Amino acid sequence: MLETSLKILKKIEKKGFKAYIVGGFVRDFILGRNSVDVDIATNATPKEIKEIFPTCFVPNEVYGSITVVIKNIRFEITTFRRELTYFNNRKPIEIEYIDDLLEDLKRRDFTINTLCMDSNRNVIDLLDGMKDIKARKIRTVGDSFEKFSEDSLRILRAIRFATILDFELTDEIKEAILNTKKYLSNISYNRKKDELDKIFMSNNARYGIDLLLDLGLDKELEIYNLKDIKISNDLIGVWSSLEVSSKYPFTKSQKELIDKINNVKNLDNFDKNVLYKYGPYVNKVAALNKGLDDSKVIDIYNKLPIKVRNDIDITSKEIMEILNLSPGSYINIIYKDLEDKILNGKLLNNNKMIKEYIKSNYRGIYEKR
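The residue count restarts for each chain, going from 1 along the sequence in the order it is written. Two thresholds apply to this predicted model, a pLDDT of at least 70 for residue-level local features and 80 or more for giving and counting side-chain atom pairs, whereas whole-chain, interface and lining totals are computed over all residues. Heavy atoms from the whole structure form the basis of all side-chain values; hydrogens and water molecules are not counted.

1. A short note on the packing of helix α16 (residues 316-323) against helix α17 (residues 330-343)
Convention adopted: a line fitted to C-alpha atoms gives each axis, helices being fitted over their contacting stretch, and angles between N-to-C directions are expressed from 0 to 180 degrees. Strands here are runs of E lasting at least two residues and helices are runs of H or I lasting at least four, both read from the DSSP assignment and numbered beginning at the N terminus. In the contact formed by α16 and α17, the axes pass within 11 Å of each other and the chain directions differ by 110 degrees. Here α16 lies roughly perpendicular to α17, going by the angle between them. When α16 is examined against α17, the residues Ser316, Ile319, Met320 and Leu323 are found in contact with a partner set consisting of Tyr330, Ile331, Ile334 and Tyr335. As a working rule, the residues Ala, Val, Leu, Ile, Met, Phe, Trp, Tyr, Cys and Pro are called nonpolar, Asp, Glu, Lys and Arg charged, and the rest polar, with Gly in that last group. Its residues placed into classes, the contact of α16 with α17 shows seven nonpolar, one polar and no charged. Under this scheme an angle from 65 to 115 degrees is roughly perpendicular, one under 35 degrees roughly parallel, and one over 145 degrees roughly antiparallel; angles in between are oblique. Working rule for contacts: check all heavy atoms of both residues, and any pair within 4.5 Å makes them a contact.

Here's what the structure looks like:
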């Protein structure tokens, strides 16, 4: 990825422009972490970038961003700019293209995200980002209150970076968060969830959750029981342990899973009938949330004699023939009885034995006379 990025820089430079890899990729490169995103800053305008990369596409030209895809990797190329005005504590609505790398870096959020790399792999540090990386500090570029007032998403980004990098927030940042956290209501629930997902799935999730609680962000984020969160490696499982605003975006299937996990949290997740009814995933997550051995759930499930009703070794047609009856609700009643008997080892899942059981137990009850 780095080699491809450097080739892009050189291609831009050949046309007489400046270009640098900037932000998270350089930060992660220094920290020895893998990074999947590459941002490139240049003094070339979007129109000039499109002339250099004719197959690029433009996600948001009004902000000077062009996306180039090479070898299935997305490279975001952005023109140096100054952000003049913000709307609703979130989005810049007026920008100005400039020809000054330092001024472009000053608009960014945190010093650790201002490091640049040129086409010769030289790291350029104009705002003491290396100093903060060595000190393991999250520090804003300029005044923290102003930065969070401009764009309140930076509050959650500060928590996220502190969490995944295991860095400390400066006292200035903490104080600014306390004074600007009310602006979190201006962030879309999609963006809030994206940031929270990354915090919850971090190996250092507990630290991030403690920061959210210590700074009182749970109320602003409309998470009503964050202190009771169950941390695990399953994101749906984590969200199922929380009471949150209904405005948080979950798909229909995700909502159904969350409901099922909550339905089984007070049940015995090692019980064969519960496993059969709700399946291995829901019970595994519920077990994880309760601190139980989730591998035992899978073990027991794999040994079930039947996993679904269709596994029962008799058809509804055969049941009707045995009882000499037309279709009716009795078939479902019999199947439920067979499920219970087979699951609990009182009846083998064998066609001949099942037929004998039905003859012995249901003839005379449903059979025509």
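2. A word on helix α15 (residues 294-302)
Residue pairs three or four apart in sequence face the same way in an α-helix, which turns once every 3.6 residues. Taken residue by residue, α15 has Val297, Ile300 and Tyr301 as its buried positions. Looking down the long axis of α15, one finds its buried residues gathered within 100 degrees of arc, a one-sided arrangement. In this structure, the buried side of α15 is in contact with α14 (272-289). Think of it in three bands: residues with accessible area under 20% of the maximum for their type are buried, residues over 50% are exposed, and the middle band is partly exposed, with areas taken using a 1.4 Å probe on protein chains only. By arc we mean the arc of the directions from the helix axis to the C-beta atoms, nothing more.

3. Some details on a negative patch on the surface
Without a salt bridge and with relative accessible area above 30%, a residue can belong to a patch; like charges are then joined within 9 Å and nonpolar side chains (Val, Leu, Ile, Met, Phe, Trp, Tyr) within 5 Å. Shrake-Rupley sampling with a 1.4 Å probe provides the accessible areas, and residues are treated as covered by the protein chains on show and by no other component. Within this document, salt bridges are pairs made up of a side-chain nitrogen of Lys or Arg and a carboxyl oxygen of Asp or Glu, the two lying within 4 Å of each other. Note on charges: Lys and Arg go in the positive column, Asp and Glu in the negative column, and His and the chain ends are not counted at all. Just so you know, the charge point we use is NZ for Lys, CZ for Arg, CG for Asp and CD for Glu. Together, Asp143, Glu146, Asp171, Glu172 and Glu175 line one region of the surface with negative charge. At three residues, helix α8 (residues 171-180) tops the list of elements feeding residues into the negative patch. Looking at the element boundaries, Glu175 is found in helix α8.

4. Some details on the side chain of Ser35
Within the secondary structure, Ser35 sits in the loop between α2 (24-31) and β2 (38-42). By relative accessible area, Ser35 is classed as buried at 18%. At a separation of 3.5 Å, a polar atom in the side chain of Ser35 contacts the main-chain carbonyl oxygen of Asp37. With sequence-adjacent residues up to four places away left out, Ser35 is seen in contact with Met1, Gly24, Phe25 and Asp28. For the purposes of these results, a polar contact is taken to be a pair of N or O atoms within 3.5 Å, where, inside protein, one atom must be able to donate a hydrogen and its partner to accept one; residues adjacent in sequence count only when each atom of the pair is a side-chain atom.

5. What about the nonpolar core?
In this structure, Leu169 and Phe200 are the most contacted members of the largest nonpolar core, which totals 72 residues. Ranked by size, the runner-up nonpolar core spans 27 residues in total, among them Tyr276, Tyr301, Ile314 and Leu338. Each nonpolar core is a collection of buried residues, namely Ala, Val, Leu, Ile, Met, Phe, Trp, Tyr and Cys, held together in the definition by side-chain atoms within 4.5 Å.

6. Description of unusual backbone geometry
Here Arg121, not a glycine, exhibits a phi torsion of approximately 70 degrees, which is positive. Mapped onto the elements of the fold, Arg121 is located in the loop between β8 (116-117) and β9 (123-124). In this model, Arg136 sits at a positive phi of 55 degrees, which is unusual for a non-glycine residue. Tracing the sequence through the fold places Arg136 in the loop between α5 (129-135) and β10 (137-138). Overall, the relative accessible area of 38% leaves Arg136 in the partly exposed class.

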